[in-house]
Amino acid sequence: MTATANRTPYRYPILQEDFDLAQTLDCGQCFRWNRQPDGSYQGVVGRHPVSILQQADCLLFTGENPDFLSRQLPRYLALDEDYPAIRRHLSADPTLQKAIAYAPGIRVLRQDGWEALCSFIISQNNNIKRIKGIVERLCQCFGEELGGGAHAFPTPQRLAQASLEELAPLRSGFRAKYILDAAQKVASGEVSLEGLEQLPLEEARARLMEIKGVGVKLADCALLYGFGRVECCPTDVWIRRVLEQLYPGGLPDCALPYAGIAQQYLFHYSRTCPQAVERT
DNA sequence: CGCCAGGTATGAT
DNA sequence: ATCATACATGGC
């Protein structure tokens, strides 16, 4: 029995026909969704345990709060963005066109800023499988109980009260001290996450990098996934390879306003189809 | 068992 | 500035 069992789903018609839930939730941008045997995805968005199932022409949202399902969840999934237009824009570049054609259903989610920051702190020098395990234990140990065994992502205030020893069960290794530093600085207001959406990119990035263990890449991940900065392009080893081999002069101009979205298509393409990105 | 993982801090050239 | 190395833990 789970928190999302035995409820009438909210039916959300898919207007952008190429939207793909699995591509979106399994392309390495989020760490709290679990695919069920029936193909649905269970996760927690904010304080809401939800289940999502994609059908031919609609998404079925299941959860306790109908208002959240109908108003907030579509926004989380970026279903209010005109992706067909963005993709047409990016497809002016032939390589991007190929990467997009490979998984056109990807959307860059609008995640919570603190959750994105904290999750990507955990991601450094780590693999996705283990990142998900650590995030899961983090929520179990410190997140608000939401019923049915689900937990919210822990608040910075809660984590700021924890000690390094209390984080030991997470087995997050050397990242534990970074998690604590982030929680303490955010909770105290020393690093404010308010208004990060509007700040010039360099300033927003510099603010996040005041946290120990947060460099350019992690700051950019937080900005893209947690603060809606789609022009921001996190550059990890995979994207660095793509840039070196395919875009030595940087991304083409058509990609710049949506560099972060272009990055997500290229990331997924280069990881799941590496030979396509190798030098010929 | 050894190599590697959506990097960063640190100390050495 | 640029470069090498350590870092915790476990997936494969």
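Located above this text is the structure these notes cover.
Residues numbered from 1 in each chain as written. Chains lettered and ligands numbered in written order. Predicted model: local features only at pLDDT ≥ 70, side-chain atom pairs only at ≥ 80, totals over all residues. Heavy atoms only, no water.

Surrounding DNA strand C, one finds N125, N127, R130, R171, G173, F174, R175 and K177. At 2.9 Å, a side-chain N or O of N125 approaches a base nitrogen of DNA strand C. At 3.0 Å, a backbone N or O of F174 approaches a sugar or linking oxygen of DNA strand C. (Near = heavy atom within 4 Å. Polar contact = N/O pair within 3.5 Å; in protein donor to acceptor, adjacent residues only side chain to side chain.)

Bringing the packing of helix α4 (residues 94-102) against helix α12 (residues 259-272) into the picture now. Their axes nearest at 9 Å, the elements α4 and α12 cross at an angle of 70°. With respect to α12, the element α4 is oriented roughly perpendicular. Residues L96, K98, A99, I100 and Y102 of α4 form the contact with α12, whose participating residues are A262, Y265, L266, H268, Y269 and T272. (Axes fitted to C-alpha atoms, helices over the stretch in contact; angles between N-to-C directions. Helix = DSSP H or I, 4+ residues; strand = E, 2+ residues; numbered from the N terminus. Parallel < 35°, antiparallel > 145°, perpendicular 65-115°, else oblique. Contact = heavy atoms within 4.5 Å.)

Another point: the protein's contact with DNA strand B. Near DNA strand B you find 26 residues, and of these G28, N126, G215, Y225 and Q263 are the closest. Considering the 4 Å shell around the protein, atoms of DNA strand B inside it are sugar or phosphate in 58% of instances. At a separation of 2.9 Å, a base oxygen of DNA strand B approaches a polar side-chain atom of Y225. Q264 places a side-chain nitrogen or oxygen 3.3 Å from a base oxygen of DNA strand B. Class assignment for the residues of the surface near DNA strand B results in 12 nonpolar, 11 polar and three charged. (Nonpolar A, V, L, I, M, F, W, Y, C, P; charged D, E, K, R; others polar.)

Take the sheet that holds strand β4 (residues 48-54) next. One open sheet accounts for five strands, arranged β1-β5-β4-β3-β2; its pairing is antiparallel. Unpaired on one side and paired on the other, β1 (10-13) and β2 (34-35) mark the two borders of the sheet. In this fold helix α2 (residues 66-76) packs onto β1, β3 (41-45), β4 and β5 (58-62), with an angle of close to 70° to the strand it touches most, β4. (Pairing = 2+ DSSP bridges.)

Before going further, it helps to examine helix α10 (residues 216-226). For α10, a buried count of nine out of 11 residues is recorded, marking the element as mostly surrounded by other parts of the structure. Within α10, burial applies to L218, A219, D220, C221, A222, L223, L224, Y225 and G226. Looking at the buried residues of α10, the elements they touch are α5 (113-123), α9 (201-208) and α12. (Buried < 20%, exposed > 50% of the residue type's maximum accessible area, 1.4 Å probe, protein only.)

Turning to the packing of aromatic side chains, a few remarks are in order. Applying the stated criterion across every chain, the model contains seven aromatic pairs. Centre to centre, the rings of F120 and Y225 are 5.2 Å apart; their planes meet at 10°, and the pair counts as stacked. On the criterion of sequence distance, the pair formed by F120 in helix α5 and Y225 in helix α10 is long-range, its members being 105 residues apart. Here F120 matches Y225 in class, with each residue buried. Taken together through their ring pairs, the aromatic side chains of Y10, Y12 and F61 make up a single cluster. In this structure, R241 packs its charged tip against the face of W238, placed 4.6 Å from the ring centre. (Phe/Tyr/Trp six-rings, centres within 6.5 Å; stacked < 30°, edge-to-face > 60°. Lys NZ or Arg CZ within 6 Å of the ring centre and 35° of its normal.)

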